[in-house]
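Understanding the architecture of this molecule
Residues per chain, in single letters:
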Amino acid sequence: MTWVTVEGLRVSYGETGVLENVNLGIPRGSLVAVLGPSGCGKTTLLRAVAGLLPASAGTITVGDRVVSAPGVQLAPEKRGMGWVPQDASLFPHLTVGENIGFGLPHGTRAERVARSARITELAELVGLPGFVDRAPSQLSGGQAQRVSLARALAPRPDLMLLDEPFAALDPLLRSALRSEVAALLHDQKSTSLLVTHDQEEALSLADYVAVMRGGRLLQWGTPAEVYEHPVSLWAAAFVGDTVELDGCWSDGRVDCALGPVEAVSVDGVPGVDGTPADGTAVRLMLRPEWIHLSPAITRVVSPAALPASSRAVAPHRLGLGVEPSGTERITATVVSIAYGGHDALVSLELLGGAVIRARVAAPDLPKRGDRVRVSIRRPALAYPVE
Ligand SMILES: Nc1ncnc2c1ncn2[C@@H]1O[C@H](COP(=O)(O)OP(=O)(O)OP(=O)(O)O)[C@@H](O)[C@H]1O
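What you see is a predicted model, and the numbers here were worked out from it, not measured in a lab. (Residues numbered from 1 in each chain as written. Predicted model: local features only at pLDDT ≥ 70, side-chain atom pairs only at ≥ 80, totals over all residues. Heavy atoms only, no water.)

**A few points about the overall build of the protein**
Heads up, the condition is: Helix and strand labels come from DSSP, where a helix needs a run of H or I of at least four residues and a strand needs a run of E of at least two; each type is numbered from the N terminus. A simple rule labels every residue: compare its accessible area, found with a 1.4 Å probe on the protein chains alone, to the largest value its type can have, and call it buried under 20%, exposed over 50%, or partly exposed in between. Working rule for contacts: check all heavy atoms of both residues, and any pair within 4.5 Å makes them a contact. To measure how exposed things are, a 1.4 Å probe is used in the Shrake-Rupley method; for residues, cover is taken only from the protein chains shown. Only four residue types enter the charge count, namely Lys and Arg as positive and Asp and Glu as negative; His and the chain termini do not. Charged side chains are reduced to one point each, which is NZ for Lys, CZ for Arg, CG for Asp and CD for Glu.
From N to C terminus, the protein includes eight helices and 23 strands. Here the protein holds 386 residues, and the buried ones make up 45% of them. For the protein, long-range pairs separated by at least 24 residues make up 66% of all intrachain contacts whose partners lie at least 6 apart in sequence. With the model as given, the accessible surface of the protein reaches about 18,400 Å², and the carbon-plus-sulfur share is 53%. One finds the centroid of the 35 positive side-chain charges in the protein at a distance of 5 Å from the centroid of its 40 negative side-chain charges.

Shown next as structure tokens:
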């Protein structure tokens, strides 16, 4: 069920338009990541939803409450939203507990008792039960961010807004804290909107990803939909690594430097009823992990019959599960390997001189200079030539 709806949102700074016709539907209890490059308008979107910026057109609804519409501009504190900023922004003169309880009423005795219980509950929830009397200056960056999260969650908001909440943390802490926070938000059944320019963060945390560019939403989908079926080459390259080759459409395949590669055409490739005409020029896109490498064996010889120095690349070193069937295979030479620990990007020179990159699990790496055969694990995507 859609809980938060943003329709036709336009936001400007003076004469300069920043957001144009933004539409979003956030299902209740889900975490949506808005992913886009610096300056595309992510923070502006979050601020408009929070009520910190007026919209010049469009409607924002939370549940059955219209919080922003022509003639309606509900004040931020009346919107029932929690905000987690990039830098925690704790009140330095208050303790951790007072920070967490900041948005909770405490006029009556019953409210003070409930507030105190909620502070204890949230301090435990974010893993800081012994910290309530500490000053914010005595916290690490990660601990401060947890307090900021607890403060935003305390009044049980209808919508959590998170503005690049992990950007200021070091990479190891960032990845640990973001999984923790995502689990916590799910456990609390929070509906959350997070903005980030980090694709790994968006893909690993979110239930849905909205890709944004130049003040507009380019694509909406689950992380897998956005990664595996990007709407444009720009979106493909922004969301992950790509291998791109020019080619020519021919009956469900694209003839390119990899030979004929099975492909699906993306909207915009000229054709009839979504099917491109044979001979249409296209740009083929694959993810590096869709490329499979196997040893370039040209004749069957028992390995035991060969001296050790001349044995071909051992199949187990090339991540050879079952080789995909039905795909064309082409020979290539390994020209370089960018080692990344868990896996590596292996650059391969094809016969015509084109260089492509394949992602290979690290224990199964070939060596520079090895000859390998290349096959494709799944249909590639064909985009219009830009
Ligand atoms: N107060 C302002 N007055 C005028 N222009 C602004 C103002 N704040 C932001 N902008 C402009 O609006 C555009 C969108 O800014 P915004 O901060 O929303 O982008 P962003 O995607 O969040 O970027 P980043 O990832 O770098 O934080 C940018 O071009 C920015 O220069």
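Let's pick the thread back up.
**Thoughts on the UniProt feature "domain: ABC transporter" (unreviewed entry) in the protein**
As a reminder of what qualifies: UniProt positions are given in the numbering used here, feature names are shortened, and annotations may be inferred rather than shown by experiment.
The positions UniProt marks with the feature "domain: ABC transporter" (unreviewed entry) are residues 4-239. Summarising residues 4-239: 34% helix, 28% strand, and an end-to-end C-alpha distance of 25 Å.

**Observations concerning the nonpolar core**
Using the following cut-off: In these notes, a set of buried Ala, Val, Leu, Ile, Met, Phe, Trp, Tyr and Cys residues joined through side-chain atoms within 4.5 Å is what counts as a nonpolar core.
Among the nonpolar cores identified, the biggest contains 42 residues, and Ile 100, Leu 149 and Met 160 are the most heavily contacted of them. Residue contributions to this core peak at six residues, all from helix α4 (residues 141-153). Not counting the four nearest positions on each side in its chain, Leu 149 is found in contact with Val 84, Val 126, Met 160, Leu 162, Val 181, Leu 184 and Leu 185. Val 243, Val 261, Leu 293 and Ile 376 belong to the second-largest nonpolar core, a separate cluster that totals 37 residues.

**As for the side chain of Ser 232**
Residue position: Ser 232 is located in the loop between α7 (223-228) and α8 (233-239). Owing to a relative accessible area of 19%, Ser 232 belongs among the buried residues under this scheme. For Ser 232, the contacting residues outside a window of four places in its chain are Leu 218 and Tyr 383.

**Quick word on the side chain of Thr 191**
Basically, it comes down to this: In protein, a polar contact requires one atom able to donate a hydrogen and another able to accept it; more generally it is a pair of N or O atoms within 3.5 Å, and residues adjacent in sequence count only if both atoms are side-chain atoms.
For Thr 191, the location among the structural elements is in the loop between α5 (171-187) and β9 (192-196). According to the relative accessible area criterion, Thr 191 is buried, its value standing at 3%. A polar atom in the side chain of Thr 191 sits 2.8 Å from the backbone nitrogen of Gly 29. Excluding anything up to four places from it in sequence, Thr 191 contacts Trp 3, Val 4, Ile 26, Pro 27, Arg 28, Gly 29, Ser 30, Asp 158, Leu 159 and Met 160.

**Some remarks on the pairing of strand β18 (residues 291-295)**
The buried fraction of β18 is high, at five of five residues. In β18, alternate side chains face the same way, and those of Ile 291, Leu 293 and Pro 295 on one face and His 292 and Ser 294 on the other are all buried.

**A word on the site of the ligand**
The line we're drawing: Any residue with a non-hydrogen atom lying within 4 Å of a molecule or strand is treated as near it.
Near the ligand, the surroundings consist of Tyr 13, Val 18, Pro 37, Ser 38, Gly 39, Cys 40, Gly 41, Lys 42, Thr 43, Thr 44 and Glu 164. Tyr 13 is positioned with one of its side-chain polar atoms (N or O) 3.5 Å from a nitrogen atom of the ligand. The separation between an oxygen atom of the ligand and a polar main-chain atom of Gly 41 is 3.0 Å. Here the ligand loses 52% of its free accessible area of 640 Å² to cover by the protein chains. It is helix α1 (residues 42-50) that contributes the most residues to the shell around the ligand, three residues altogether.

**Things to note about the sheet that holds strand β22 (residues 371-376)**
As a reminder of what qualifies: Here the rule is simple: two strands pair whenever DSSP picks up at least two bridges between them. Axis angles are defined between N-to-C directions and span 0 to 180 degrees, where every axis is a line fitted to C-alpha atoms and, for a helix, only to the segment in contact.
Taken together, the five strands give an open sheet; going across it, the order is β18-β22-β19-β20-β21, and neighbouring strands pair in antiparallel fashion. Strands with a single pairing partner mark the edges of an open sheet, and in this sheet they are β18 and β21 (355-361). Recorded for the sheet is a direction-independent mean angle of 45 degrees between the axes of neighbouring strands. Bridge count between β18 and β22: five bridges; the pairing is antiparallel. Of the residues in β22, the one forming a bridge with Leu 293 is Val 374.

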